[in-house]
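In case you want the letters, here they are:
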Amino acid sequence: MASADLNVKKFDGVSSEWLNFIAVNRLQGNIEHGYDIVIGPVANDRVYTVLNMYEGGFIDEEEAMKRMKAYRLADQVLFHTVKALQGLRYLTTVEVPR
């Protein structure tokens, strides 16, 4: 399956669109968004602390993004559909030393 056949949403770092996407997902729980794959910053515990303040009205969107941009957030790739998972292919196993 070619990646062109998949509906991929990529967030390039912290943005208003990303902030609202994770806020809606958190409030509604796994919303139907129509994307096969979503790529973007990990919404970790530190992000959720800021998100709680934003959702509670204690800070506005601009302040929330300013705080989140101060964090070093790793990107993640989420496969949301069976169609997306069918594009994966096993390559190899690597043992990580303890």
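Scroll up for the structure.
A. Expanded view of the overall build of the protein chain. A count of helices and strands for the protein chain gives four helices and three strands. Ordering the α and β elements of the protein chain from the N terminus gives β-α-β-α-α-β-α. In terms of overall dimensions, the protein chain has C-alpha extents of about 45 × 40 × 20 Å along its principal axes. The burial tally for the protein chain puts 29% of its 98 residues in the buried class.

B. Molecular detail of the layout of surface pockets. Considered as a void within the structure, the largest pocket measures approximately 230 Å³ in volume. Taken together, 16 residues form the lining of the largest pocket, with Phe-21, Ile-22, Asn-25, Gln-76 and Leu-78 sitting closest to its centre. Counting residues per element, the ones that place at least two in the lining of the largest pocket are helix 1 (16–28), strand 2 (37–41) and strand 3 (75–79). In terms of residue count, helix 1 provides more of the lining of the largest pocket than any other element does, five residues in total.

C. Focus on the nonpolar core. One finds Trp-18, Leu-19, Val-47, Leu-51 and Met-68 to be the most contacted residues of the largest nonpolar core, which totals 18 residues. Secondary structure elements with two or more residues in this core: helix 1, helix 2 (45–55) and helix 3 (61–69). It is helix 1 that provides the largest number of residues to this core, a total of five residues.

D. Quick peek at helix 2. Among the residues of helix 2, Val-47, Val-50, Leu-51 and Tyr-54 are the ones counted as buried. Along the axis of helix 2, the buried residues cluster in a sector spanning 105°; they form a single face. With its phi angle positive at about 80°, Gly-57 sits one or two positions after the end of helix 2.

What counts as what
Residues numbered from 1 in each chain as written. Predicted model: local features only at pLDDT ≥ 70, side-chain atom pairs only at ≥ 80, totals over all residues. Heavy atoms only, no water. Helix = DSSP H or I, 4+ residues; strand = E, 2+ residues; numbered from the N terminus. Buried < 20%, exposed > 50% of the residue type's maximum accessible area, 1.4 Å probe, protein only. 1 Å grid on protein atoms, 1.4 Å probe; cavity = no way out; pocket = protein on both sides within 12 Å on 5 of 7 lines; lining within 4 Å. Points joined across faces, edges and corners; volume = space filled by probe spheres on them. Core = buried A, V, L, I, M, F, W, Y, C linked by side-chain atoms within 4.5 Å. Arc of directions from axis to C-beta.

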